[in-house]
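Here is what each chain is made of, one letter per residue.
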Amino acid sequence: MVKFTDGESAEGILYTVQDSMIRVMPKSLVKANRIPTEGELLNFPVSGIMLLKIRKLNALKKGLWKGALAGAVSGALLGYVLYSPCQEPFCLDFGRSFSIYVGVINGSVGGTGIGILLGSSNEKFQIKGRQENYEALKAQLLPFALSSSPEAGSRERP
């Protein structure tokens, strides 16, 4: 997300990082799964940018799956380790495999929640409309850019 010095904001994918501006691919192109053509990228001059909030592409999905997998594995291990056979004459004992199964289910649910929280975090870059702030942060912004080619077509901010 790009927050401008006038209080407005825009969302999309950081396409290129240039010397005095960034180019952003609009969300409509992302949702349509289209590669931008001439005139479809938005140019945002550094002087108009207050703040950039950037999250890695697909970070939420990756966090969800990694959290679910880690939770399932740890739940299975806990279910295996914590299982103890029933000693009472009238108790229900479904066995170690059931204990592992319950551990996997509970661990997956908890791990998914933690993974979503971790994957939804974003990095903030305070530009405040100042070229010197942008220059200091430019190297950190480059890995987030989808393209390193400044030749792609673009249009000015509406």
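The present account deals with the structure reproduced in this document. None of these values were measured; they are calculated from a predicted model.

Turning next to helix 3 (residues 96–119). For helix 3, built from 24 residues, the straight-helix expectation of 34 Å at 1.5 Å per residue is met to within 8% by its first-to-last C-alpha distance of 33 Å. Among all positions in helix 3, only Ser99, Gly103, Gly107, Ser108, Gly111, Gly115 and Gly119 are buried. On its buried face, helix 3 is in contact with helix 2 (59–82).

Using the criterion set out here, one finds four salt bridges in the structure. Across the pair glutamate 132 and arginine 130 runs a salt bridge whose closest N-O atoms are separated by 3.1 Å. Residue arginine 130 is classed as partly exposed on the basis of its relative accessible area, which comes to 45%. The salt bridge partner of glutamate 135 is lysine 138, with a shortest N-O separation of 3.9 Å. With a gap of three residues between them, glutamate 135 and lysine 138 both fall in helix 4 (residues 131–141), about one helical turn apart. Exposure remark for glutamate 135: the relative accessible area of 39% places this residue in the partly exposed category. Overlapping salt bridges bring together Asp19, Glu135 and Lys138 as one network.

Time to look at a nonpolar patch on the surface. There is a patch of nonpolar side chains on the surface, built from Leu92, Phe94, Phe98, Tyr101, Val102, Ile105 and Val109 and spanning about 750 Å² of accessible area. For valine 102, the location among the structural elements is in helix 3.

Inspection of the secondary structure puts threonine 16 in strand 3 (residues 12–17). It is 10.0 Å that separates the C-alpha atoms of threonine 16 and proline 143, two residues lying 127 residues apart in sequence.

The next point concerns the environment of arginine 55. Topologically, arginine 55 is positioned in the loop between strand 6 (49–54) and helix 2. On the accessibility criterion, arginine 55 (43% relative accessible area) is partly exposed. Along the backbone, arginine 55 and glutamate 123 are 68 residues apart, and their C-alpha atoms lie at a distance of 6.3 Å. Those residues in contact with arginine 55 that lie beyond four places of it in its chain are Gly119, Ser120, Ser121 and Asn122.

Conventions we followed
Think of each chain on its own: its residues are numbered from 1, step by step along the sequence as written. Local features in this predicted model are restricted to residues of pLDDT 70 or higher, and side-chain atom pairs are both shown and tallied only at a pLDDT of 80 or more, whereas totals for entire chains, interfaces and linings draw on every residue. Note that water and hydrogens are dropped before the side-chain values are worked out from all heavy atoms of the structure. Every helix listed is a DSSP run of H or I at least four residues long, and every strand listed is a run of E at least two residues long, numbered separately from the N terminus. Expected span of a helix: the number of residues minus one, times 1.5 Å. Each residue is placed in one exposure class: buried if its accessible area under a 1.4 Å probe, protein chains only, is under 20% of its type's maximum, exposed if it is over 50%, and partly exposed if it falls in between. Contact definition: two residues touch when any of their heavy atoms are within 4.5 Å. Throughout this description, the term salt bridge denotes a Lys or Arg side-chain nitrogen within 4 Å of a carboxyl oxygen of Asp or Glu. What goes into a patch is any residue over 30% in relative accessible area without a salt bridge, connected to like charges within 9 Å or, for nonpolar side chains (Val, Leu, Ile, Met, Phe, Trp, Tyr), within 5 Å. What sets the accessible areas is the Shrake-Rupley method with a 1.4 Å probe; for residues, cover comes only from the shown protein chains.

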